[in-house]
Amino acid sequence: MQLRLGEYYIPSEKFPSLIEELVEVMSPGGQAGHEELVQFFLSVQRLPSVQERVTKLEDQFSIYKRG
């Protein structure tokens with residue numbers, strides 16, 4: 001894996017912790033913990049539709065799909 005910053009490439013095999021740190025710094029927020037997710041889903045369970053729950057989830061969290 002390589003990270004591209006402008007015209008520069010950083011090979012992950014040479015700098016694995018640097019890549020992780022850059023991704024964390026560049027991301028808008030930190031990872032949500034288990035308790036935070038539980039509290040969120042408890043707070044939205046009374047919303048009348050799944051669409052409203054998803055909208056609220058998208059408003060409060062950044063969602064990344066694991067590949």
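Residues numbered from 1 in each chain as written. Predicted model: local features only at pLDDT ≥ 70, side-chain atom pairs only at ≥ 80, totals over all residues. Heavy atoms only, no water.

A.B. asks: Pulling in residues and values, what's your account of the overall build of the chain?
C.D. replies: Scanning the chain for helices and strands turns up three helices and two strands. Ordered by position from N to C terminus, the α and β elements of the chain give β-β-α-α-α. Within the chain, the fraction of its 67 residues that count as buried is 15%. Accessible surface for the chain amounts to roughly 6200 Å². Of this, 55% is attributable to carbon and sulfur atoms. (Helix = DSSP H or I, 4+ residues; strand = E, 2+ residues; numbered from the N terminus. Buried < 20%, exposed > 50% of the residue type's maximum accessible area, 1.4 Å probe, protein only. Areas by Shrake-Rupley, 256 points an atom, 1.4 Å probe, with all protein chains shown as cover.)

A.B. asks: An account of the packing of aromatic side chains is needed here, citing residue identities and associated values.
C.D. replies: Counted according to the given criterion, the structure contains two aromatic pairs. Judged by centre distance (5.2 Å) and plane angle (80 degrees), the rings of Phe40 and Phe41 are edge-to-face. Relative to Phe61, the ring of Phe40 lies with its centre 5.3 Å away and its plane at 80 degrees, an arrangement referred to as edge-to-face. With Phe40 in helix 2 (residues 34-44) and Phe61 in the segment after helix 3 (50-60), this residue pair connects regions lying 21 residues apart in the sequence. (Phe/Tyr/Trp six-rings, centres within 6.5 Å; stacked < 30°, edge-to-face > 60°.)

A.B. asks: An account of the confidence of the model for the chain is requested, with residue identities and associated values reported.
C.D. replies: For the chain, per-residue confidence averages 77 on the pLDDT scale, and 66% of positions sit at 70 or higher. Confidence, read as mean pLDDT per element, is least for strand 1 (residues 2-5) in the chain (56) and greatest for helix 3 (91). (pLDDT = per-residue confidence, 0-100.)

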